[in-house]
Amino acid sequence: MGAEAIFKTGNPLPDETLQICKESDAVLFGAIGDPSFDHNPDAKVRPEQGLLKLRKELGLFANIRPLKTYSSLIDKSPLKREVIEGTDIQIFRELVSGIYFGEKFTDEEAGYAYDICKYSREEIIPIVHMAFQEAQKRRKKLTLIDKANVLDTSRLWRKVCKEIAHEYPDVELDFMFVDNAAMQLILNPKQFDVIVTENMFGDIISDEASVIGGSIGLLPSASIGNENALFEPIHGSYPQAKGKGIANPVASVLSTAMMLDYLGLDQAAEKLRQSVEYAIENKYVTADLNAEQHYSTSEVGSFIADYIKYSEKSYYNFENVKIGKSTIV
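What this report covers is the structure whose coordinates are included nearby. All of these numbers come straight from a predicted model, not from anything done at the bench. (Residues numbered from 1 in each chain as written. Predicted model: local features only at pLDDT ≥ 70, side-chain atom pairs only at ≥ 80, totals over all residues. Heavy atoms only, no water.)

A word on the sheet that holds strand β6 (residues 141-146)
An order of β1-β10-β9-β2-β3-β8-β6-β7 is seen for the eight strands of this open sheet, with the pairing classed as mixed. Looking at the sheet topology across the chains shown, the edges are occupied by β1 (27-28) and β7 (172-177). Running over the sheet, helix α6 (residues 121-137) touches β2 (62-68), β3 (88-94), β6, β7, β8 (194-197) and β9 (220-224) and is turned about 170 degrees from β3. Lying on the sheet, helix α10 (residues 250-262) is in contact with β1, β2, β9 and β10 (229-233); it crosses β10 at an angle near 160 degrees. (Pairing = 2+ DSSP bridges. Helix = DSSP H or I, 4+ residues; strand = E, 2+ residues; numbered from the N terminus. Contact = heavy atoms within 4.5 Å. Axes fitted to C-alpha atoms, helices over the stretch in contact; angles between N-to-C directions.)

Okay, structure coming up:
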């Protein structure tokens, strides 16, 4: 899929790949870019087209991005410790409609172009229910991010949310314009619990939120449909890093944990999260998290895998166990 598929077939999502995904219980997704596309933004066939098509074909209407801070990494954030410590947010982004999938037109000679943003109630209702249900499990607060002072589509989102809110009386619902939300995420991210929003706003807000924790390489995501689900790190590909062993594998590991949650394997998912926290606490991390002393992608991955293996044998009671390049006493 992606760049590799384009090189081999000319298609960023070959039919065979799509069929395999449709027949699967879940899809674990990796980076699909390549430096040749990074320097050619006008290419008519691009790797990301495959991902957009896959989301549409699988009916993945909801993208979920959890954001939490790790105490040992807070100093890596560009924001002050007192501002972000304790931040724990779930962002629900609608994924298969809005301006990314609306009618498009370009007249290069006339210097004219447009992209149409459309939403229906049927496209909004499922993800709003999911967000309310998640809020019930957490701090019982849901924020709709929109631009209802300008956009009719945002006014529809707000109307639908108000209607559905009656079914969840234990959840507080509030509203915030997207420009203010972008500012509030920096000034006071702890005020948010669960966020729900439309496609483009969610794309922007979730990427902004990703820097709060110190590195975009920490954040997993899930894209959920009625019958299929896809799990991927939010960072995508970094073509300039190809072959250098500097990619942070943590987001992929945590995406796998989200996949295991989805499949009902809660104990295995928790084991993965514990292994990541252990690696971070012991500063066994890639260069984006520790420029002075760091390890390669494969070394961090092996450390996490070894932790799981040895913790199974010793029930978390480590005694002079060799993991990666470290001896744990």
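So, next bit.
Brief notes about the layout of surface pockets
Roughly 910 Å³ of internal volume is contained in the largest pocket. Along its surface, the largest pocket is lined by 30 residues, and Pro47, Glu48, Gln49, Leu51 and Leu52 are the ones closest to its centre. Sorting the residues of the lining of the largest pocket by element identifies α3 (35-38), α4 (47-58), β2, α9 (199-210) and β10 as the ones contributing at least two each. Among the elements that take part in the lining of the largest pocket, α4 stands out by supplying six residues, more than any other. When grouped by side-chain class, the residues that make up the lining of the largest pocket number 12 nonpolar, eight polar and 10 charged. Roughly 740 Å³ of internal volume is contained in the second largest pocket. (1 Å grid on protein atoms, 1.4 Å probe; cavity = no way out; pocket = protein on both sides within 12 Å on 5 of 7 lines; lining within 4 Å. Points joined across faces, edges and corners; volume = space filled by probe spheres on them. Nonpolar A, V, L, I, M, F, W, Y, C, P; charged D, E, K, R; others polar.)

Considerations on unusual backbone geometry
Residue lysine 140 is not a glycine yet carries a positive backbone phi of 65 degrees. Residue lysine 140 is classed as partly exposed on the basis of its relative accessible area, which comes to 33%. For lysine 283, which is not a glycine, the phi torsion comes out positive at approximately 60 degrees. We classify lysine 283 as partly exposed; its relative accessible area is 49%. (Buried < 20%, exposed > 50% of the residue type's maximum accessible area, 1.4 Å probe, protein only.)

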